[in-house]
Amino acid sequence: VQLQASGGGLVQPGGSLRLSCAPSGAYFSIDTMGWYRQAPGKERALVATMTRGGMTDYGDSVKGRFTISRDNVKNIVFLYMNNLRPEDTAVYYCYADGADYGLDRFTSWGHGTLVTVSS
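Residues numbered from 1 in each chain as written. Predicted model: local features only at pLDDT ≥ 70, side-chain atom pairs only at ≥ 80, totals over all residues. Heavy atoms only, no water.

A. Representation of the side chain of Asp-88. Here Asp-88 lies in the loop between β8 (76-81) and β9 (90-99). In contact with Asp-88, not counting residues within four places along its chain, are Arg-37, Arg-65, Phe-66, Asn-83, Val-115 and Val-117. (Helix = DSSP H or I, 4+ residues; strand = E, 2+ residues; numbered from the N terminus. Contact = heavy atoms within 4.5 Å.)

And the structure:
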C-alpha cells in the first residue's frame, strides 16, 4: 500500500493549512490512519491518528489547534492545521496500518510533505 500526501507548503505564523493523504494499491482494510512529523534535528513524533471507529490521538503540542478527520469510504485522511507556529515546521508523514487480502498486517508511510511556518 502506497500513501500519497498533499497540501504542504509555506504559511505565515497564525495561518492554516490542510493536509490530505490517500492510499493506493490493494488492501483488505485500513484501520488506523494519521500523521507524524519530523523537524530538523528531532525524532519523528506523533501529530494525530484516527482509527476506523473514530478514536483520535493527538500530540500534546497540537491539541486544540489541529484536527484530524477521515473519509472511511475512500480511506482519505485529512489534517486541518490552524494557528500554525514556527515550531510546527517539519516534514509531515502520512501513516496507515491495516490488513492485506491475505489478512497479513501492514504498516505504510508516505514520502512526507514539507510544512514551513515562517514570516
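B. Highlighting the state of the cysteines. What the rule picks out here adds up to one disulfide. One disulfide bridge connects Cys-21 with Cys-94, the sulfur atoms lying 2.0 Å from each other. Where Cys-21 bonds to Cys-94 through sulfur, the torsion about that S-S bond is close to -90°, and the disulfide is left-handed. Here the residue Cys-21 occupies a position in strand β3 (residues 17-24), and Cys-94 occupies one in strand β9, the gap between them amounting to 73 residues. Pair check on accessibility: Cys-21 and Cys-94 agree, each one buried. (Disulfide = S-S within 2.5 Å. Buried < 20%, exposed > 50% of the residue type's maximum accessible area, 1.4 Å probe, protein only.)

C. Spatial organisation of the nonpolar core. The biggest cluster of nonpolar side chains holds 29 residues, and the ones touching the most others in it are Trp-35, Val-47, Phe-66, Ile-68, Leu-79, Met-81 and Tyr-92. Every element with two or more residues in this core is listed here: β1 (2-6), β3, β4 (29-38), β5 (45-50), β7 (66-71), β8, β9 and β11 (113-117). Top contributing element to this core by residue count: β9, with four residues. Sequence-distant contacts of Val-47, defined by excluding residues within four places in its chain, comprise Trp-35, Tyr-36, Arg-37, Asp-57, Tyr-58, Gly-59, Val-62, Phe-66, Leu-79 and Tyr-92. (Core = buried A, V, L, I, M, F, W, Y, C linked by side-chain atoms within 4.5 Å.)

D. Seen up close, the pattern of salt bridges. Counted according to the given criterion, the structure contains five salt bridges. Across the salt bridge formed by Arg-65 and Asp-88, the nearest N and O atoms sit 2.7 Å from each other. Residue Arg-65 is found in the loop between β6 (56-58) and β7, and its partner Asp-88 is found in the loop between β8 and β9; the two are separated by 23 residues along the sequence. Owing to a relative accessible area of 0%, Asp-88 belongs among the buried residues under this scheme. Between Asp-97 and Arg-105 there is a salt bridge, with the nearest N and O atoms lying 3.6 Å from each other. Residue class for Asp-97 comes out buried when judged on its relative accessible area of 14%. Linked by salt bridges that have partners in common, Asp-31, Asp-97 and Arg-105 make up one network. (Salt bridge = Lys/Arg side-chain N within 4 Å of Asp/Glu carboxyl O.)

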